[in-house]
Amino acid sequence: MNVTPALVADLVGVAVFAASGASAGVAKRLDLFGVVFVGAVAALGGGIVRDLLIGAVPPYAFTHWAYLVVAVLAALLLFWLHPQFNRLRRTVLVLDAAGLALFTVTGTLKALDARVPAVGACVIGMIAAIGGGLGRDLLTGEIPVVLRREIYAIASLLGAGVVTVLVKVDVNRPLLIVGTTVLIFVVRLLALRRNWGASTPPGPSTPPGPLPPPPAGNG
Amino acid sequence: MNVTPALVADLVGVAVFAASGASAGVAKRLDLFGVVFVGAVAALGGGIVRDLLIGAVPPYAFTHWAYLVVAVLAALLLFWLHPQFNRLRRTVLVLDAAGLALFTVTGTLKALDARVPAVGACVIGMIAAIGGGLGRDLLTGEIPVVLRREIYAIASLLGAGVVTVLVKVDVNRPLLIVGTTVLIFVVRLLALRRNWGASTPPGPSTPPGPLPPPPAGNG
Amino acid sequence: MNVTPALVADLVGVAVFAASGASAGVAKRLDLFGVVFVGAVAALGGGIVRDLLIGAVPPYAFTHWAYLVVAVLAALLLFWLHPQFNRLRRTVLVLDAAGLALFTVTGTLKALDARVPAVGACVIGMIAAIGGGLGRDLLTGEIPVVLRREIYAIASLLGAGVVTVLVKVDVNRPLLIVGTTVLIFVVRLLALRRNWGASTPPGPSTPPGPLPPPPAGNG
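Residues numbered from 1 in each chain as written. Chains lettered and ligands numbered in written order. Predicted model: local features only at pLDDT ≥ 70, side-chain atom pairs only at ≥ 80, totals over all residues. Heavy atoms only, no water.

1. Things to note about the overall build of chain A
What chain A contains, in helices and strands, is 8 helices and 0 strands. In chain A, the order of α-helices and β-strands from amino to carboxyl end is α-α-α-α-α-α-α-α. When the 219 residues of chain A are sorted by exposure, 54% land in the buried category. Within chain A, counting contacts between residues at least 6 apart in sequence, those at least 24 apart form 75% of the total. When the accessible surface of chain A is split by element, carbon and sulfur atoms take 68% of a total near 9,000 Å². (Helix = DSSP H or I, 4+ residues; strand = E, 2+ residues; numbered from the N terminus. Buried < 20%, exposed > 50% of the residue type's maximum accessible area, 1.4 Å probe, protein only. Contact = heavy atoms within 4.5 Å. Areas by Shrake-Rupley, 256 points an atom, 1.4 Å probe, with all protein chains shown as cover.)

Put into structure tokens, the structure is as follows:
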């Protein structure tokens, strides 16, 4: 592996996502293995699903040891230092926004390079960015945060769309990567700062009666 | 994409499953993105897993935009109109039975065409039909409905078996597709109407003491 | 399929894991289909994920009917006989340790044979061994046991590491398989007997205040 700026950026994203997963594991009082496992899923899960979807097997996370090592180290650090981590909450949110941006851009580009059509490539880019967090929440018994709050996946999907358009009009790659990463990062930070959220269903927020159940026999 | 009867039928299944997923998301008070995401998983998840299992990557749902667009539109409609949707409950159950039938038949055929042996192809056909609902329930923090109630997966598996036998005896394809789709559809509707269910474990239905836990250390 | 000692050993692992999954399904009062489905996921899920990760599609469980048949039969037996099964708890834990050992060794070897690098192959071997139990727990709405207790995944990972080293130094295959299987089996039994566990996060075990949440907007 050559140590390129792209690799360093990618590994920063891996470390931040691993810390977020480990943090969720600590909150659930998992044991050391559990904390590291949830950290690794949060950090690498999105990329693994992305690679399965585009047929790039074995997935990158299994063939480039630096990814796994960084994820495990970040989760271990969180495990031992978690009170301090909590104090860094703002920094973590900023780094997390950077991870979201980077994973979206690399995921969308990999999908386009694997000849996935535009719409599908955008969705795969978003899955690469939010998939790890989904796995973290499923493993710790939570309804995924990304489905409930704020402009997070939307920022990713928007960015993936811009990446796709710029690839089609053949913009210079390094420029495209930097530009769209910054775009997603800024949108996400603005959403955090201004507390933007996606709409919630119309109707009272505490329902007056029983909620409409999903159609019964539909499994 | 040519607009064939098969495509139209498939998209009806996608729309109904998306509405069921979106309905579950609304019941959990997810935000707009969450509702659409759960709807898309319910509609497309089974087919995506089917394609991963038979090595057809990128999965169909990522290469044919009509599938994603129909799923998203159906979920959006449900999001804005959900009280009305609730009144259509009977219609939804019938359309859902149609989706179950169609996804089973196309899933089994795709697996057989990918040279999966008979037993495996039946299971893949069933996974194609019930996988989206499983994903919907996992994302919304429920034990999957399909594991708890009624003849749903069983109707799918039975139908997949009939598809496989008819393929082996080389029945004419269009006839086979129509016949087995109708068969699964009718079995499912009968199960709904007569309230058929699979057996539940022997023993009292409210256990007198603590339930037998799964074998402890087995992860 | 030739009936080799390896096949018999593998199928014993499948049967035990299926019984553990079915047992979890019975505890949640799933219906017959649900119990069998969770049993099959517990027995075959790890191997299916392993095969997806190394690109061996369709996965082995779908192309060799004996695996599915043994899983279904074991789950059915558990469904009908579960009070007796509960009395066999010690035997089940021993057989489960054997399943863990076997699935780790075969999973790691398959990954290495598919040219996955060492670190990735160890992780895939562990996933093959613990993946089914993870699926079982997710389907039944539990935080996975393997993330919370005892030396289980750690025994698997350790064994996968030894397998990898022995393959690199080119040890005779049958010897390697028997030796590492016994090693993992013994480590797991010792962990059970001596009640070894992985560390839990530092800090009081009942937290004095609200637990640190995972970083908010990170989906």
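2. Comments concerning the relation of the copies chain C and chain B
Structural alignment of chain C on chain B gives an RMSD of 0.0 Å, achieved by rotating through 120 degrees and translating 0.0 Å along the axis. Within this description, the copies of the chain are treated as partners about a three-fold rotation axis. (Least-squares fit on C-alpha atoms with pLDDT ≥ 70 in both.)

3. Considering a nonpolar patch on the surface
Residues and elements named next belong to chain A. Residues Val3, Val8, Val12 and Leu95 make up a contiguous nonpolar surface patch of roughly 330 Å² in combined accessible area. Note that Val12 resides in helix H1 (residues 5-27). On the accessibility criterion, Val12 (36% relative accessible area) is partly exposed. (Patch = residues over 30% accessible without salt bridge, like charges linked within 9 Å, V, L, I, M, F, W, Y side chains within 5 Å. Salt bridge = Lys/Arg side-chain N within 4 Å of Asp/Glu carboxyl O.)

4. Section: helix H7 (residues 153-168) of chain B
Residues and elements named next belong to chain B. Here H7 is 16 residues long and its end C-alpha atoms lie 23 Å apart, about the 22 Å a rise of 1.5 Å per residue gives. Residues of H7 that are buried: Ala153, Ala155, Ser156, Gly159, Ala160, Val163 and Thr164. Just downstream of H7, Asp170 is the residue with a positive phi angle, here 65 degrees. (Expected span 1.5 Å × (residues − 1).)

5. Focus: the interface of chain C and chain A
The interface of chain C with chain A comprises 41 residues on the first partner and 46 residues on the second. Summed over both sides, the interface between chain C and chain A buries roughly 3,600 Å², with carbon and sulfur atoms accounting for 69% of that surface. Counting across the chain C and chain A interface gives 0 salt bridges. At the junction of chain C with chain A, the criterion picks out 1 residue pair in polar contact (both at pLDDT 80 or more). Broken down by secondary-structure element, the contributors of at least two residues to the side of chain C that touches chain A are helix H2 (32-53), helix H6 (118-139) and helix H7 (153-168) of chain C. Broken down by class, the residue content of the side of chain C that touches chain A amounts to 29 nonpolar, 9 polar and 3 charged. (Buried area = accessible area lost by both parts, 1.4 Å probe. Polar contact = N/O pair within 3.5 Å; in protein donor to acceptor, adjacent residues only side chain to side chain. Nonpolar A, V, L, I, M, F, W, Y, C, P; charged D, E, K, R; others polar.)

6. Some remarks on the nonpolar core
Among the nonpolar cores identified, the biggest contains 193 residues, and A:Leu44, A:Ile130, B:Leu44, B:Ile130, C:Leu44 and C:Ile130 are the most heavily contacted of them. Here this core takes 12 residues from helix H2 (residues 32-54) of chain B, the largest share from any one element. Apart from the residues within four sequence positions on either side, C:Leu44 is in contact with C:Val14, C:Ala61, C:Tyr67, C:Leu68 and C:Ala71. (Core = buried A, V, L, I, M, F, W, Y, C linked by side-chain atoms within 4.5 Å.)

7. Quick look at the pattern of salt bridges
Applying the stated criterion to the full structure yields 12 salt bridges over all chains. Linking B:Arg173 and B:Asp113 is a salt bridge whose minimum nitrogen-to-oxygen distance equals 3.1 Å. Residue B:Arg173 is found in helix H8 (residues 173-194), and its partner B:Asp113 is found in helix H5 (residues 89-113); the two are separated by 60 residues along the sequence. A residue is classified by how much of its surface remains accessible, and B:Arg173, at 33% relative accessible area, is partly exposed. Between C:Arg50 and C:Asp51 there is a salt bridge, and its shortest N-O distance comes to 2.9 Å.

8. Some words on the environment of C:Gly161
Relative to the elements of secondary structure, C:Gly161 occurs in helix H7. For the pair C:Gly161 and C:Gly125, spaced 36 residues apart in sequence, the C-alpha to C-alpha distance is 9.2 Å.

9. What to know about the packing of aromatic side chains
One pass over the structure, following the stated rule, counts 12 aromatic pairs over all chains. In this arrangement the basic side chain of A:Lys110 is found over the ring face of A:Tyr60, its NZ or CZ atom lying 4.0 Å from the centre. (Phe/Tyr/Trp six-rings, centres within 6.5 Å; stacked < 30°, edge-to-face > 60°. Lys NZ or Arg CZ within 6 Å of the ring centre and 35° of its normal.)

10. Structural notes on the UniProt feature "transmembrane region" (unreviewed entry) in chain A
Residues and elements named next belong to chain A. As recorded in UniProt, the feature "transmembrane region" (unreviewed entry) lies at residues 6-25, 32-50, 62-81, 118-139, 151-169 and 175-192. Annotated as 95% helix and 0% strand, the span residues 62-81 places its first and last C-alpha atoms 27 Å apart. End C-alpha to end C-alpha, residues 118-139 measures 31 Å, and it is 100% helix and 0% strand. (UniProt positions renumbered as here; feature names shortened; annotations may be inferred.)

11. A few points about the environment of B:Lys168
All names here are of chain B. When you line up the elements, Lys168 lands in helix H7. For Lys168, a relative accessible area of 56% translates into the label exposed. With 56 residues separating them along the chain, Lys168 and Leu112 place their C-alpha atoms 9.7 Å apart. With near-sequence residues (within four places) excluded, Lys168 lies in contact with Leu112 and Ala118.

12. Some words on the interface of chain C and chain B
On the chain B side, the residues contacting the 45 residues of chain C number 41 residues. For the pair chain C and chain B, the summed buried area comes to about 3,600 Å², and 69% of that belongs to carbon and sulfur atoms. When residues of chain C are sorted by the area they lose upon contact with chain B, C:Arg29, C:Phe33 and C:Phe62 head the list and together hold 22% of the total. Inspection of the chain C/chain B interface yields 0 salt bridges. Where chain C packs against chain B, one counts 1 residue pair in polar contact (both at pLDDT 80 or more). Contributions of two or more residues to the side of chain C that touches chain B are made by helix H1 (5-27), H2, helix H3 (60-63), helix H4 (65-87), helix H5 (89-113) and H6 of chain C. Class assignment of the residues belonging to the side of chain C that touches chain B gives a composition of 27 nonpolar, 9 polar and 9 charged.

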